[in-house]
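Spelled out from the first residue to the last, the chains are:
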Number of protein chains: 2
Amino acid sequence: MDSVFQALGDSNRRTLLEILRDHPATAGELAEALPIARPGVSRHLHVLREAGLVDVRQEAQRRIYSLRPAPLAEVDVWLEDYRALWLNRLDALHTEVTRQKTQSRRSCS
Amino acid sequence: MDSVFQALGDSNRRTLLEILRDHPATAGELAEALPIARPGVSRHLHVLREAGLVDVRQEAQRRIYSLRPAPLAEVDVWLEDYRALWLNRLDALHTEVTRQKTQSRRSCS
DNA sequence: GAAGTGCGTATCCGTATGGTTACGTACCTG
DNA sequence: CAGGTACGTAACCATACGGATACGCACTTC
């Protein structure tokens, strides 16, 4: 769990995930998408693999990476216990907004 | 966004959030819940505050911390674009997710 | 087999992190 | 005003991280 959040705590790595969300890609393709040198990308991919967020499949000399959503599902499960906190607040906000809306509607007409 | 995920990437800090989910607490109460010394807790709380995950209110010499769910809502929104990936194959992933969940309960909390 | 391609690992460097102990500060209490 | 209480900050240490460059290894191709 630590490793998943830590992996997500870097914007370069989130960019990689965003690409892999659409389609698997080789390390080279992924490297071109980031503003850093190849070895850096390689290590970011290593971190993602350690966190279970990514799968690698070797095809000749190419490494093809693909997204592994299971850890994200874990994050979703973790969030579950907190979701009520902002849903309640959003609810309160929502009712407040509609109240003010009806109030302004009342004052407008 | 980086700061939120990085803040969540430490089990001590997640423990603090878990306590604050139930009720606000003073720094001292929170410190007793962690296996580390007071100044360490103080800095963890600082990290959580920087990430916007926590609010502080001073009351005499006590600092009362409370949970601020907004950044977690942001995480929820970020997850949204990935959710389809495991919802589509929910049955295939369900067993794995629950397995890892019990595993992480056993080890990390 | 020699050369080229694709990618990882090794090493180095500056900075950040997580823990500690020692100290400082603000506040209540006697 | 002296002293205790509840914190945070400073200084220090070991380790980890993110970046770079240089190198190594596996595979294809000629």
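Described below are features of the structure shown in this document. What you see is a predicted model; the values in this text were computed from it and never measured.

### What to know about the nonpolar core
Part 1: Membership of the largest hydrophobic core comes to 36 residues, with the highest contact counts inside it found for Val4(A), Leu45(A), Val54(A), Leu45(B) and Val54(B).
Part 2: Excluding its chain neighbours within four sequence positions, the residues that come into contact with Leu45(B) are Leu16(B), Ala27(B), Leu30(B), Val54(B) and Tyr65(B).

### Regarding the relation of the copies chain B and chain A
Part 1: For these two chains of identical sequence, chain B goes onto chain A by a turn of 180° and a shift of 0.0 Å along the axis, with RMSD 0.1 Å. Within this description, the copies of the chain are treated as partners about a two-fold rotation axis.

### Section: helix α2 (residues 11-22) of chain A
In an α-helix there are 3.6 residues to a turn, and that puts residues three or four apart on one side.
Residues and elements named next belong to chain A.
Part 1: Given a rise of 1.5 Å per residue, 12 residues ought to cover 16 Å, and the 17 Å separating the end C-alpha atoms of α2 matches this to within 8%.
Part 2: Taken together, the buried positions of α2 are Arg-13, Leu-16, Leu-17 and Leu-20. The buried side chains of α2 occupy one side of the element, clustering within an arc of 100° when seen end-on. Exposed residues lying more than 90 degrees from the buried face of α2 are Ser-11 and Asp-22.

### Topic: the sheet that holds strand β3 (residues 62-67) of chain B
Residues and elements named next belong to chain B.
Part 1: Across the sheet, 3 strands lie side by side as β1-β3-β2; this open sheet has antiparallel pairing. In this open sheet, the two edge strands, each paired with only one partner strand, are β1 (25-26) and β2 (54-59).
Part 2: Here β2 pairs with β3 via 6 bridges, running antiparallel. Within the sheet, the bridge partner assigned to Arg-57 lies in β3 and is Ile-64.

Rules behind the numbers
- Sequence order as written defines the numbering, with residues in each chain counted from 1.
- Here chains are named by letter from A upward and ligands by number from 1 upward, in the order in which they appear as written.
- Since the coordinates come from a predicted model, pLDDT governs what is reported: local features require at least 70, and pairs of side-chain atoms require 80 or more to be given and counted, while whole-chain, interface and lining totals use all residues.
- By our criterion, buried Ala, Val, Leu, Ile, Met, Phe, Trp, Tyr and Cys residues that link up through C-beta atoms within 7 Å make up a nonpolar core.
- Exposure is read from a count of other C-beta atoms within 10 Å of each residue's own; the residue is exposed at 12 or fewer, buried at 20 or more and partly exposed in between. C-beta atoms are placed from the backbone.
- Our contact criterion uses C-beta atoms placed from the backbone: two residues qualify when those atoms are within 7 Å.
- Here the copies are matched by least squares. The fit uses the C-alpha atoms of residues with pLDDT of at least 70 in both.
- Per the convention used, a helix needs a DSSP run of H or I reaching at least four residues, while a strand needs a run of E reaching at least two, with both numbered from the N terminus.
- In a helix, the anticipated span is given by 1.5 Å times the number of residues less one.
- The arc refers to the directions leading from the helix axis to the C-beta atoms.
- Only when DSSP finds a minimum of two bridges between them are two strands counted as paired.

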